[in-house]
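# Reading the structure
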Amino acid sequence: GAGVSQTPSNKVTEKGKYVELRCDPISGHTALYWYRQSLGQGPEFLIYFQGTGAADDSGLPNDRFFAVRPEGSVSTLKIQRTERGDSAVYLCASSSSAGSANEQFFGPGTRLTVL
Amino acid sequence: SQQGEEDPQALSIQEGENATMNCSYKTSINNLQWYRQNSGRGLVHLILIRSNEREKHSGRLRVTLDTSKKSSSLLITASRAADTASYFCATVVDTGRRALTFGSGTRLQVQP
């Protein structure tokens, strides 16, 4: 596709449930990032992949959050035992390499609501 | 945690006026980027300025960087109603960390 895509666009779940959020990066982009944005705030970094491996997962808030990128393309962010505080927009971005001066291209996000 | 703080938090101007937004950050950086966000969803990259640069232009955008003061400004000239959005600065730090660290944003409203 032409840009980064994320599915679903909206997800409503109940407290304690498990959710998976998907990100399709721009074809050929080796670097993939997950961010979380709460209302009225800027995005906060969660995890960064270079290829298949998680190069930096220092932003994951706790062990309920996990992400994979098994073939170096699509990534899935997994949240176990969801809590109301997990409600936010989850943004995915990709860039053409791991170079720090590279522009990141963002997807439209998944709005997660935990009831 | 938020690296940057944008100032002002909200700005309302008339079409045709210039809009200036400021960003301050805390640690040394490799580069600083500005992004625009409409309707709280996807972000669009506007401009990147490296730590060894002081000023950069792109169309109606002008960005300055003062590393001694750890601050940057974004100027939008001859604003249009379509410029209405939230604007965020984001830094890439010097430690090799590739992730962007965003500020809390400035909400710009351009009145037609």
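Summary of the structure given here. (Residues numbered from 1 in each chain as written. Chains lettered and ligands numbered in written order. Predicted model: local features only at pLDDT ≥ 70, side-chain atom pairs only at ≥ 80, totals over all residues. Heavy atoms only, no water.)

### Examining the interface of chain B and chain A
Stated formally: Here, two residues are considered to be in contact whenever any of their heavy atoms come within 4.5 Å of each other. Note: buried area is the sum, over both parts, of the accessible area (probe 1.4 Å) each one loses when the two are combined. The term salt bridge refers to a pairing of a side-chain nitrogen on Lys or Arg with a carboxyl oxygen on Asp or Glu at a separation within 4 Å. Any pair of nitrogen or oxygen atoms within 3.5 Å is treated as a polar contact; in protein, a donor-acceptor pairing is required on top of that, and neighbouring residues in sequence qualify only through side-chain atoms on both sides. To qualify as a helix, a DSSP run of H or I must reach at least 4 residues; to qualify as a strand, a run of E must reach at least 2; elements of each kind are numbered from the N terminus. Ten residues, namely Ala, Val, Leu, Ile, Met, Phe, Trp, Tyr, Cys and Pro, are considered nonpolar, four, namely Asp, Glu, Lys and Arg, are considered charged, and the remaining ones, Gly among them, are considered polar.
Every contact between the two is made by 24 residues of chain B and, on the other side, 29 residues of chain A. Around 2000 Å² of area is buried between chain B and chain A when both sides are counted, 47% of it from carbon and sulfur atoms. Of all residues in chain B, the largest losses of buried area upon contact with chain A belong to B:Arg41, B:Leu43 and B:Arg98, amounting jointly to 32% of the total for that side. Where chain B touches chain A, the interface holds zero salt bridges. Our enumeration of links across chain B and chain A arrives at three residue pairs in polar contact (both at pLDDT 80 or more). Elements with a contribution of two residues or more to the side of chain B that touches chain A: strand E4 (29-37), strand E5 (43-50) and strand E9 (85-93) of chain B. Of the residues forming the side of chain B that touches chain A, the biggest block, five residues, is contributed by E4(B). Residue composition of the side of chain B that touches chain A, grouped by class: eight nonpolar, 11 polar and five charged.

Nothing here speaks to function; it is geometry throughout.
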